[in-house]
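Observations on chain architecture
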Amino acid sequence: MFVTVTGGSGSGKSAFAEEQILKFPEKNRLYIATMVCFDEESRQRVKRHRKMRKEKHFDTLECPTDLIHARIPKDTAVLLECMSNLAANEVFSPEGAKEHAYEAICDGILHLKEQAADVCVVTNEIFSDGMVYDKETENYQRLLGRINAYLAEISDVCYEVVYGIPLRIK
């Protein structure tokens, strides 16, 4: 099963995605973390989230770029969080795929699908704030939009979480 969960910041999408993974029958659960910590606050947040996931029997794989090289046991349910971080890392970090970010990410997602029993990907809805951004940010938004459309296309099930309410859109 391949599930995509999207929603705005603070919508409840992460908690909902964890619930989806907990429903899968696999004994092994793997959280693929894509966030890069830049300060003490983010490091503390990651530490707190790791502890919460550990209680739910998740192992964690730090994978801020280069998803294609992640090795996943076949009987594993994978939660990848979050696509918007992965896309930003692939575009903006020195070790990222830069102009090949779309291909690198899509190939990495297919690689996960081939290896894992079940996959749930969390992504952000960042397109409805009505703000005008600089060219670099607009390019990132277009990239994430393409990736999100691809995720929805290959998903068995796709949800948008709005105000904590999951809406099945596929």
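For the structure, check the block above.
To keep things clear, this report deals only with the structure shown in the data block. Note that the structure is a prediction, hence the values are computed from the model and not measured.

Moving on, we come to the pairing of strand E6 (residues 157-162). Relative to E6, strand E1 (residues 2-7) is paired through 5 bridges, and the arrangement is parallel. Note that in E6 the partner of Val 3 across the bridge is Val 157. Both E6 and strand E7 (residues 165-168) contribute to a ladder of 4 bridges, which runs antiparallel. Residue pairing for E7: Tyr 159 is matched across the bridge by Arg 168.

Let's shift gears to the side chain of Asp 118. As for its placement among the helices and strands, Asp 118 is situated in strand E5 (residues 118-124). Despite its burial, Asp 118 remains without a salt bridge, the nearest opposite charge being carried by Arg 29 at 9.6 Å. Polar contacts involving the side chain of Asp 118 include one to the main-chain amide nitrogen of Met 1, which spans 2.8 Å. Sequence-distant contacts of Asp 118, that is, excluding residues within four places in its chain, are made with Met 1, Phe 24, Pro 25, Glu 26, Thr 76, Ala 77 and Val 78.

Looking now at the packing of helix H3 (residues 83-92) against helix H5 (residues 135-154). It is the contact of H3 with H5, at a shortest axis distance of 10 Å, that shows an interaxial angle of 130°. Relative to H5, the element H3 is oriented oblique. The crossing of H3 and H5 is right-handed. Of the residues in H5, those in contact with Met 83, Ser 84, Ala 87, Ala 88, Val 91 and Phe 92 of H3 are Glu 136, Tyr 140, Leu 143, Leu 144, Ile 147, Asn 148 and Leu 151. In terms of residue class, the contact of H3 with H5 is made up of 10 nonpolar, 2 polar and 1 charged.

Each value, and the rule that gives it
Residues numbered from 1 in each chain as written. Predicted model: local features only at pLDDT ≥ 70, side-chain atom pairs only at ≥ 80, totals over all residues. Heavy atoms only, no water. Pairing = 2+ DSSP bridges. Helix = DSSP H or I, 4+ residues; strand = E, 2+ residues; numbered from the N terminus. Buried < 20%, exposed > 50% of the residue type's maximum accessible area, 1.4 Å probe, protein only. Lys, Arg positive; Asp, Glu negative; His and termini not counted. Salt bridge = Lys/Arg side-chain N within 4 Å of Asp/Glu carboxyl O. Polar contact = N/O pair within 3.5 Å; in protein donor to acceptor, adjacent residues only side chain to side chain. Contact = heavy atoms within 4.5 Å. Axes fitted to C-alpha atoms, helices over the stretch in contact; angles between N-to-C directions. Parallel < 35°, antiparallel > 145°, perpendicular 65-115°, else oblique. Left-handed = near helix turned anticlockwise from the far one by under 90°. Nonpolar A, V, L, I, M, F, W, Y, C, P; charged D, E, K, R; others polar.

No statement about biological role is implied by the geometric values presented.
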